[in-house]
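Secondary and tertiary structure notes
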Protein chains: 2
Amino acid sequence: MFAGLSAFPLTPLVDDQLDERAFSALVKRLADAGVDSVTALGSTGSYAYLSRSERARVAQRAVQAAGDVPVFVGVGALRTSHVLHHADDAQAAGAQGLLLAPVSYQTLTRDEVYGLFETVVQRSDVPVIVYDNPATTRFTFDDELYAAIARLDGVASIKIPGVPLDETAARQRVAELRGLLPRHVTIGVSGDPYAAAGLNAGCDAWYSVVGGTLPAAALGLARAALEGDAPEALRRSEELQPVWDCFAEHGSLRVVAAIAEHLGLVAQPSLPLPILGLDRAQRARLEAAISRLKLTE
Amino acid sequence: MFAGLSAFPLTPLVDDQLDERAFSALVKRLADAGVDSVTALGSTGSYAYLSRSERARVAQRAVQAAGDVPVFVGVGALRTSHVLHHADDAQAAGAQGLLLAPVSYQTLTRDEVYGLFETVVQRSDVPVIVYDNPATTRFTFDDELYAAIARLDGVASIKIPGVPLDETAARQRVAELRGLLPRHVTIGVSGDPYAAAGLNAGCDAWYSVVGGTLPAAALGLARAALEGDAPEALRRSEELQPVWDCFAEHGSLRVVAAIAEHLGLVAQPSLPLPILGLDRAQRARLEAAISRLKLTE
């Protein structure tokens, strides 16, 4: 279940309120496109900005809208007790997995991060995905900590922040991780520009930002790689290079929100203030780049 | 009012619940020691980890316990609407100033940070302290942005993250800031190891972590500097060097919590999980260092 393309939908807001209808439609669109799972309330789902009740509601809506497609739900929070609340709510909603990042205000120590995962897996009835996102959590896992946490009963997958773009180096890195992790723990690449390299190098899953908004493009890339057509996966990633360039410049959240707004999937603006999203000139450049992609979304 | 020693008390928890009695006693102790202001719910007050209702309760308790000493309250949050809720609650409690850091999950742009401050000062009846803490917010102000925000009606002070330790460089830096800011906007140094250098160089205030737990030591340093006895301020800062060393190693929050626990001011453990605080060996080294300080707390 923790393999293939996991698509991360936006959580759109209108006037600082959840746009539940638009969110449900986003999730249904992903399920209809054939993604392997939906991860609600990832970084692209603005989990860190939402209240407990909003997060519970999003988890419920995601499970309802996804039909037979498994839904994973992000449960990260600064305080362990809040993580446990979110985990309870996600499981009550029907989530089949929990995504947990060691979010920090005060930078966390290795022992603190280990303790957090230990507490959460002990309390959860569904598997946990370890979410390594140093850019937003300011915590950098090392391989020893990956291995220790992966041995905890209840850990199903590790969402790694990319792999080297060089093919040989990527294969070495994934092989190295395989050697550290129990066999049942899958490796999922994130950082969309690394997806083709990661899947080609043997990652089991792609935890995908762009897959939440352009699922056909992401599925094309993922299917090619997972069926062994590495050159085709790389070609499809190169096609998306203008999007990756925008990610690097503005952050992926602002960019996929602008794409979803441009496609009419969500109202504009859709992000929680103080995040402003792209300005008019930035949007114009992004839309020009997207129009050249010949997307079949 | 935004000058002198502003002491930042801990917000102690017991079994994941606010220890309101211990918190009130901490604040009263600071007021009795003669601090110039108390800032509740700073980084050392764990604001980022607490719920809205907990933060409202802390603000109320702080104002009650501080007597005639002005209380400022930290209102930072990831979402602008949440910041406004905290600002409303703090003002209803009787706060005389609001401390606002541009907390981020997704790194913020300059325009987003400016917009956040603009919105908050427009909605607030009490002055705002701009809280620049790149280590926890992952946002770095530049001088142009300082100047633009300081010109907003309602900004009273800027809490800067230290100054150069070199005397001449520190004076140059503070003079440079003075040239940028309206005259009524005070400059407060933070990062306790920089306090003596900052006050000696002409900062108006010290927004102090250690002042929240060792107020006599902090007042001794602050009074010496503000009365013009620069060598005495530096001597007192050097005396506290073992504490500064612990701050650098473990983060100031974990260290002042361990000191407060050691002094019996709060129960152990007092920090919100997943933060574990210092382990036994680290505590022993800290306590040995403190016992050599001959503190009169």
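Given the structure is predicted, the values throughout are model-derived calculations rather than measurements. (Residues numbered from 1 in each chain as written. Chains lettered and ligands numbered in written order. Predicted model: local features only at pLDDT ≥ 70, side-chain atom pairs only at ≥ 80, totals over all residues. Heavy atoms only, no water.)

A few words now on the UniProt feature "active site" (unreviewed entry) in chain A. The sites that carry the UniProt feature "active site" (unreviewed entry) are, in the present numbering, Tyr131 and Lys159 of chain A. In summary, the annotated positions, though distributed over 29 residues, converge in three dimensions, the widest C-alpha pair being only 5.0 Å. With respect to the helices and strands, Tyr131 of chain A occurs in strand β7 (residues 128-131). Note on Tyr131 of chain A: relative accessible area 3%, which makes it buried. Discounting residues that sit within four places of it in the chain, Tyr131 of chain A has contacts with Ser43, Leu99, Leu100, Ala101, Pro102, Phe141 and Lys159 of chain A together with Tyr105 of chain B. A polar contact of 2.6 Å, which involves the side chain of Tyr131 of chain A, links it to the side chain of Ser43 of chain A. Topologically, Lys159 of chain A is positioned in strand β8 (residues 155-160). Since its relative accessible area comes to 5%, Lys159 of chain A is described here as buried. Leave out the neighbours within four places in its chain, and Lys159 of chain A touches Phe8, Leu99, Ile129, Val130, Tyr131, Asp132, Gly188, Ser190 and Tyr207 of chain A. (UniProt positions renumbered as here; feature names shortened; annotations may be inferred. Helix = DSSP H or I, 4+ residues; strand = E, 2+ residues; numbered from the N terminus. Buried < 20%, exposed > 50% of the residue type's maximum accessible area, 1.4 Å probe, protein only. Contact = heavy atoms within 4.5 Å. Polar contact = N/O pair within 3.5 Å; in protein donor to acceptor, adjacent residues only side chain to side chain.)

Moving on to helix α13 (residues 280-291) of chain A. All names here are of chain A. Taking 1.5 Å per residue, 12 residues should reach 16 Å; α13 reaches 16 Å between its end C-alpha atoms and fits that length. If you check which residues of α13 are buried, you get Arg283, Leu286, Ala289 and Ile290. Take α13 and look down its axis: the buried residues cluster within an arc of 125°, on one side only. Turned more than 90 degrees away from the buried face of α13, the exposed residues are Arg280 and Ser291. Next to the buried residues of α13 lie α11 (241-250) and α12 (252-262). At the N-terminal end of α13, a side-chain oxygen is found 3.2 Å from the backbone nitrogen of Ala281, two or three residues along, and the residue is Asp279. (Expected span 1.5 Å × (residues − 1). Arc of directions from axis to C-beta.)

On to the pairing of strand β1 (residues 4-7) of chain B, then. Judged from the 4 bridges that link them, β1 of chain B and strand β10 (residues 205-208) of chain B form a sheet pairing that is parallel. Within the sheet, the bridge partner assigned to Ser6 of chain B lies in β10 of chain B and is Tyr207 of chain B. (Pairing = 2+ DSSP bridges.)

Our next topic: helix α6 (residues 143-150) of chain B. All names here are of chain B. In terms of burial, α6 is largely enclosed, as 6 of its 8 residues are buried. Leu145, Tyr146, Ala147, Ala148, Ile149 and Ala150 are the residues of α6 that are buried. Of the residues that open α6, the one with a side-chain oxygen 3.1 Å from the backbone nitrogen of Glu144 is Asp142.

Our next topic: the packing of aromatic side chains. Applying the stated criterion to the full structure yields 16 aromatic pairs over all chains. Taking 5.2 Å as the distance between ring centres and 85° as the angle between the ring planes, the aromatic pair formed by Phe139 of chain A and Phe141 of chain A counts as edge-to-face. We note that Phe139 of chain A, like Phe141 of chain A, is buried. Considering the side-chain rings of Phe2 of chain B and Phe72 of chain B, the 4.6 Å spacing of their centres and the 20° angle between planes classify their relative orientation as stacked. One end of the pair, Phe2 of chain B, is in the segment before β1; the other, Phe72 of chain B, is in strand β5 (residues 71-74), and 70 residues separate them in sequence. Each member of the pair, Phe2 of chain B as well as Phe72 of chain B, carries the same accessibility label: buried. Members of the aromatic cluster, connected to one another through ring pairs, are Phe117, Phe139, Phe141 and Tyr146 of chain A. (Phe/Tyr/Trp six-rings, centres within 6.5 Å; stacked < 30°, edge-to-face > 60°.)

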